[in-house]
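# Report on the structure
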Amino acid sequence: MQDLRYLRGYPEEVTTKVQGLISRGTLGTFLLNKHPTPHEIRTNKALHHYVTDLKRSWLRKAPPVSRICYDDRIHAVNHALGLHTFVSRVQGSRLKAKHEIRVASVFKRAPLAFLRMIAVHELAHLKEKEHNRAFYNLCTHMEPDYHQLEFEMRLYLTHLELQGGLYENAAASSNKTTSS
């Protein structure tokens, strides 16, 4: 029985089903059926445009975000997939706030739904600092499938930890079948 660190806190019946997918070697297939292709948002500039468009759609009155980027130093192991930082600085007689959103680089080759879920999560922190009911209500308002996507993203991280890249493995196995 493997330690499913990304699924801690889930009911035993859920983790047992996931263990079954892992032991049969079908977790990757399950994820590929749900999310067949990775997104194309690979640069910081493209990420900035994507998150800014989400913010413009859902949180027009929220404070501006000064920086949005992928960050190689964020690791899912540290229980962080993205970071929202808020820094206040004194400028003359005013207090100026600066917001930054950083997304773990592991999501450069992830499904778009997972990137959206993380972006929604970090944008929700512009309005709600704590992970409370209002925060999760805002997340589900912006992304109705937020909780399901979070679960599938945890499955994705489990797959990455156990077997490596999802789309790289799928490409390699399809190349084997075509060359046989």
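Residues numbered from 1 in each chain as written. Predicted model: local features only at pLDDT ≥ 70, side-chain atom pairs only at ≥ 80, totals over all residues. Heavy atoms only, no water.

The next point concerns the pattern of salt bridges. Taken as a whole, this structure holds 9 salt bridges when the rule is applied. Between Arg5 and Glu161 there is a salt bridge, and its shortest N-O distance comes to 2.7 Å. Taken as a pair, Arg5 in the segment before α1 (12–24) and Glu161 in helix α6 (residues 146–163) lie far apart in primary sequence, 156 residues in all. With relative accessibility at 31%, the residue Arg5 sits in the partly exposed group. (Salt bridge = Lys/Arg side-chain N within 4 Å of Asp/Glu carboxyl O. Helix = DSSP H or I, 4+ residues; strand = E, 2+ residues; numbered from the N terminus. Buried < 20%, exposed > 50% of the residue type's maximum accessible area, 1.4 Å probe, protein only.)

Our next topic: the packing of aromatic side chains. Under the defined criterion, the tally for this structure stands at 4 aromatic pairs. An angle of 55 degrees between the planes, with centres 5.2 Å apart, marks the rings of Tyr10 and Phe151 as tilted. Taken as a pair, Tyr10 in the segment before α1 and Phe151 in helix α6 lie far apart in primary sequence, 141 residues in all. Centroid distance Tyr136 to Tyr146: 6.2 Å. Interplanar angle 50 degrees. Geometry classified as tilted. Separated by 10 residues along the polypeptide, Tyr136 in helix α5 (residues 133–142) and Tyr146 in helix α6 bring together distant segments of the chain. Classification of Tyr136 as partly exposed rests on a relative accessible area of 26%. By way of ring pairs, the aromatic residues Phe135, Tyr136 and Tyr146 are connected into one cluster. (Phe/Tyr/Trp six-rings, centres within 6.5 Å; stacked < 30°, edge-to-face > 60°.)

We now examine the environment of Asn137. Its location among the elements puts Asn137 in helix α5. Taking the C-alpha atoms as reference points, Asn137 and Ala124, 13 residues apart in sequence, are found 9.4 Å from one another.

Moving on to the confidence of the model for the protein. Summing up the model confidence of the protein, the mean pLDDT is 86 and the portion of residues at 70 or higher is 86%. Confidence, read as mean pLDDT per element, is least for helix α7 (residues 166–179) in the protein (54) and greatest for α5 (97). Considering only residues more than four positions removed or in separate chains, one finds that residues 175–180, a stretch of pLDDT under 50, has 0 contacts. (pLDDT = per-residue confidence, 0-100. Contact = heavy atoms within 4.5 Å.)

Helical geometry note: an α-helix holds 3.6 residues per turn, so side chains three or four residues apart project in the same direction. The first and last C-alpha atoms of α1 sit 18 Å apart over 13 residues, in line with the 18 Å expected at 1.5 Å per residue. Lining the buried residues of α1 we find α2 (27–34) and α6. Residue Gly25 follows α1 closely and has a positive phi angle near 75 degrees. (Expected span 1.5 Å × (residues − 1).)

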